[in-house]
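Residue strings, one per chain:
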Amino acid sequence: MGVFDSGVGGLTVLHECLVTMPHEDFVYLGDHARLPYGPRPLDEVQRFAREIGAYLQSRGVKLVVNACNTATSAALPQLQEELDVPVVGVITPEAHAAVQATRNRRIGLLATEGTVRAGRYAELVHALDAGVELVSVACPRLVPLIESEDPFGAETTRAVREYAAELKEAGVDTVILGCTHYPLIGQVFQRVFGRDVTLVFSAEETAREVAETLARKGYENDAGREGSYRFLTTGDPGSFRAMGARFLQLPIDDVEHVDLAVLGAAA
Ligand code: DGL
């Protein structure tokens, strides 16, 4: 199975996939050379996602998980149309969970600029409950901070507090962490919002959807076997290894470097 993100954020989804499907094989690609995706125009992110999807398919994966909310916003339908293998994204499960969780029908969204601009969460939330008020805040500083040397430093807490202020003011009781990087600093969000706010993110739901898709199509591996995982990056393998191990608590041996030209040629 292929899983991709702009960086290490998709590891939150990979982790849940490994817990749910230990008998499957995974290839994870982080597009570090072009991180962050959030501030880029959506058509550029769409091009990146199409290159990566085609590349993963050329490596023989049987399903692609688009483990990046920005790339899901920009390119999920295009990937589903173009690839021969099933493609699962990350936005729909969160919209469902948030509408179910809210009691006062006021939901906050924290996400990248691209995800907020694309407006997919608003469409999905309002399709489920047109009476919900959705307050969206773009958080451009968070992905670079999470990918920095000091993801849990004072600056991260300061940035989260600033972004959270508007949602607290609006009285939301549920907040969607609409970027796969954000659960990596989930405890910072929990401290800033306190107990009365429900935080929603989709890694577990996404893993369940992947498992169900494989089962329905009869694509699963034998449940008795032990699966494998490997890592690819368009950036520096050494720093990806260090960050991946820190966030996933998983020994990462080899990280393969993939050239952007190779990705471009696959599309
Ligand atoms: N993890 C990506 C997401 O879910 C981060 C995007 C970025 O690189 O800005 O949106």
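Structural data are supplied above this passage.
Bear in mind the structure is a predicted one, so any value in this text is a computation, not a measurement.

**Student:** Sorry if this is basic, but what is going on with the overall build of the chain here?
**Tutor:** From N to C terminus, the chain includes twelve helices and ten strands. Expressed along its principal axes, the backbone C-alpha trace of the chain runs to roughly 50 × 40 × 40 Å. Classification of the 267 residues of the chain by burial places 54% in the buried group. Restricting the contact set of the chain to residue pairs at least 6 apart, pairs at least 24 apart contribute 77%. Put simply, the chain shows about 11,500 Å² of open surface, and 46% of that area lies on carbon and sulfur atoms. Separation between the mean location of the 24 positive side-chain charges and that of the 37 negative ones in the chain comes to 3 Å.

**Student:** Honestly, the sheet that holds strand S3 (residues 64–66) in this entry has me stumped. Any pointers?
**Tutor:** Strands in a sheet are paired, the pairing made by backbone hydrogen bonds, and the direction either parallel or antiparallel. In space, the six strands of this open sheet follow the order S4-S3-S1-S2-S9-S10, with parallel pairing throughout. The strands lining the two open edges of the sheet, one partner per strand, are strand S4 (87–88) and strand S10 (255–257). In terms of strand pairing, strand S1 (residues 2–5) meets strand S2 (residues 26–30) through four bridges, oriented parallel. Bridging across to S2, Phe4 finds its partner in Leu29. Lying over the sheet, helix H11 (residues 237–248) contacts S2, strand S9 (229–233) and S10, oriented at roughly 135 degrees with respect to S9.

**Student:** Can you walk me through the site of the ligand in this structure?
**Tutor:** Inspection of the region around the ligand gives 13 residues, with Ser6, Tyr37, Gly38, Asn69 and Thr70 positioned closest. In this structure, Asn69 approaches the ligand through a main-chain N or O atom, which is 2.7 Å from an oxygen atom. Contacts to the ligand include Thr180, whose side-chain N or O atom sits 2.9 Å from a nitrogen atom. Bound to the protein, the ligand loses 99% of the 300 Å² it would expose on its own. When its residues are assigned to classes, the shell around the ligand shows five nonpolar, seven polar and one charged.

**Student:** Honestly, the nonpolar core in this entry has me stumped. Any pointers?
**Tutor:** Looking at soluble globular proteins, one finds that nonpolar side chains tend to be buried together. Grouped together as the largest cluster of nonpolar side chains are 53 residues, with contacts concentrated most on Leu14, Leu110, Tyr182, Phe189 and Phe231. Sequence-distant contacts of Tyr182, that is, excluding residues within four places in its chain, are made with Leu110, Ala111, Thr112, Cys139, Leu142, Val143, Ile146, Leu177 and Phe189. One finds Leu29, Ala49, Val64 and Val85 within the second-largest nonpolar core, a separate group that totals 24 residues.

Criteria and cut-off values
Residues numbered from 1 in each chain as written. Predicted model: local features only at pLDDT ≥ 70, side-chain atom pairs only at ≥ 80, totals over all residues. Heavy atoms only, no water. Helix = DSSP H or I, 4+ residues; strand = E, 2+ residues; numbered from the N terminus. Buried < 20%, exposed > 50% of the residue type's maximum accessible area, 1.4 Å probe, protein only. Contact = heavy atoms within 4.5 Å. Areas by Shrake-Rupley, 256 points an atom, 1.4 Å probe, with all protein chains shown as cover. Lys, Arg positive; Asp, Glu negative; His and termini not counted. Charge placed at Lys NZ, Arg CZ, Asp CG, Glu CD. Pairing = 2+ DSSP bridges. Axes fitted to C-alpha atoms, helices over the stretch in contact; angles between N-to-C directions. Near = heavy atom within 4 Å. Polar contact = N/O pair within 3.5 Å; in protein donor to acceptor, adjacent residues only side chain to side chain. Nonpolar A, V, L, I, M, F, W, Y, C, P; charged D, E, K, R; others polar. Core = buried A, V, L, I, M, F, W, Y, C linked by side-chain atoms within 4.5 Å.

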